[in-house]
Amino acid sequence: TQARIGLVGLGVMGANLSLNIAEKGFPVAVYNRTHSVTDAFIASAGALAERVIPTKSYEDLVASLARPRAIILLVKAGAPVDAVIADLEPLLEEGDMIIDAGNADFHDTRRREAALRAQGLNFFGMGISGGEEGARHGPSIMVGGDPASYAAIRDILEAIAARHDGVPCAAHFGPDGAGHFVKTVHNGIEYADMQMIAEIYGILRDGAGRSPAQIGHLFEGWDKGPLKSYLVEITGRVLQTTDPETDLPMVEMIVDSAGQKGTGRWTAIEAIRLGQSPSAIEAAVAARAWSSERDTRAAGAALFGDLPAEAGTVPPEEDLEQALLAAKLIAYDQGFGILAAASEAFDWGIDLATAAEVWREGCIIRSALLDDMAGAIREGLPQGRLIFAPRFAGLMRAGAVALRRVVAYGACAGLPLPALANALAYFDTMRQARGTTDLVQAQRDFFGAHGFDRVDGGTNRHGPWAGPVSHS
Ligand code: NBP
């Protein structure tokens, strides 16, 4: 028998996704560079092994597939993807598909798609989220590539995806890098979401002096309200977990230095390239980078740790909850803004509401709020901004006031809240009809004759900078 789908790379994600595909009734041909991994995978696949065709060469893999062949790659992002493509390409025929399901930089996806299209092959960039568990039982799937070829594999992808009220969390977002970019922004938002939660934890730990278990209990409660989400849920569980070796709270045994693989950073980099700024996401990227400078922070603590801070009152729990909600919405507003800008720049035609819908289940940022966001986007966003959506007006009005109290408390108490503070600064900027860049424009004109527009009409005008200076 020939399978309709093949998979290269039986690492954590590939092994789980293969089992998911087999479980949904689709035979899957698999290949892994290290053959012992393939043997071990088959040995552990149980009854599902019946629908898995193990192969030990790319030739065997290709021969095991019905045409048009569709091969999912789940190898390490970067050079390994190019290496596997180079090996497969000569063995494939017109109309066949290579689907890179790793966390690729969408610029690489665009390059690979163009190169393979020139050979008559279809290349898809497919973002999958949900980690190991998602890959096994239903991830969120974001695809970019030729729409006609997508039709050939759509049933398989929809069958293995997570579901929200029966609707599969899998979608085609546009050509070439569109799917990987939606995944990248998903990860950027994930960074912001996680950082904001960590900042609230910091206020409760260092400001209110609460124990991890107490804070975890609070998050557990929040997971029953409007903040209901996977990240709030696991935060509650993580904080209430004890280290079996020491009996201390697990979180207190973990070094406070966060890793990053690149997707959050790519969101920020692309935003800046496009003249946008997802400042809450950037702040989260920065916070992880700063966290890795442990020695620097220790030296800073020795130098400045004793600076006086105001012992203000810790904002009440309701404020923290509301602030987190508002800040989260602001991070999404920025994320959707960058998605819209990139979609326009690369001519992708990404449907933002579909992105919100695909993220409702299966992925790391899944939350109750996403269903509302999808609805708000479908209703039409004033000025294209989620924070202006009529259905979020109440949340933003109450949430912004709470966010201000929380950020003000953090500033006075000397507790860093980079993501929350950036979210607030963005919100305040977006509700200030007259900003302060009149002065920046004047400065630019003064030193560089860059010109400015006048409020009473007239474009590219210059100021009388060489004239008399007023001291009044
Ligand atoms: P793993 O590290 O578990 O597996 C890596 C796989 O890549 C192995 O099968 C390895 O084969 C293969 N590989 C490498 Br490395 N170099 C190769 C080469 N030159 N040729 C052929 N195969 C090669 O990775 P993973 O965590 O499953 O992640 C896979 C992709 O999925 C990554 O892009 C990752 O960013 C993405 N992703 C991961 C998660 C997650 O939660 N882990 C979530 C979403 C997306 P070998 O056995 O011979 O070394």
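Definitions and cut-offs
Residues numbered from 1 in each chain as written. Predicted model: local features only at pLDDT ≥ 70, side-chain atom pairs only at ≥ 80, totals over all residues. UniProt positions renumbered as here; feature names shortened; annotations may be inferred. Core = buried A, V, L, I, M, F, W, Y, C linked by C-beta atoms within 7 Å. Buried ≥ 20, exposed ≤ 12 C-beta atoms within 10 Å, placed from the backbone. Helix = DSSP H or I, 4+ residues; strand = E, 2+ residues; numbered from the N terminus. Domains from an automatic or database assignment. Contact = placed C-beta atoms within 7 Å. Pairing = 2+ DSSP bridges. Axes fitted to C-alpha atoms, helices over the stretch in contact; angles between N-to-C directions.

Going by an unreviewed UniProt entry, the chain carries the name 6-phosphogluconate dehydrogenase, decarboxylating and comes from Celeribacter indicus. Under the heading Catalytic activity (unreviewed entry), UniProt records this for the chain: "6-phospho-D-gluconate + NADP(+) = D-ribulose 5-phosphate + CO2 + NADPH".

Asker: Can you help me understand the nonpolar core in this one?
Answerer: Soluble globular proteins tend to pack their nonpolar side chains together in the buried interior. Formed by 139 residues in total, the largest nonpolar core has its most connected members in L73, A327, L403, L420 and A423. Considering each element in turn, this core owes the most residues, 15 residues, to helix α14 (residues 317-346). Both of domain 1 (5-176) and domain 2 (184-430) provide at least three residues apiece to this core. Here A423 is in contact with A280, A327, I330, A331 and L403, once residues within four sequence places are set aside.

Asker: Please clarify how the sheet that holds strand β2 (residues 28-31) should be interpreted in this entry.
Answerer: What links the strands of a sheet is backbone hydrogen bonding, and the strands pair in either a parallel or an antiparallel sense. Sheet architecture is open: eight strands sit in the order β3-β2-β1-β4-β5-β6-β7-β10, paired in mixed fashion. Since the sheet does not close on itself, it has two edges, and those belong to β3 (52-55) and β10 (170-174), each with one partner. This sheet shows a mean twist of 25 degrees between the axes of neighbouring strands, independent of strand direction. With four bridges connecting them, β2 and β3 associate as parallel partners.

Asker: How should unusual backbone geometry be read in this particular structure?
Answerer: Across the chain, the bulk of peptide bonds are trans and the bulk of non-glycine residues have phi less than zero. Residue R67 is joined to P68 through a cis peptide bond whose omega torsion reads -5 degrees. Structurally, the position occupied by P68 is in the loop between α3 (58-63) and β4 (70-73). In this structure, Q383 takes a positive phi of about 55 degrees despite not being glycine. Counting through the fold element by element, Q383 comes out in the loop between α16 (368-379) and α17 (393-413). Owing to 7 C-beta atoms within 10 Å, Q383 belongs among the exposed residues under this scheme. Positive phi is not limited to glycine here, since N460 has a value of about 50 degrees.

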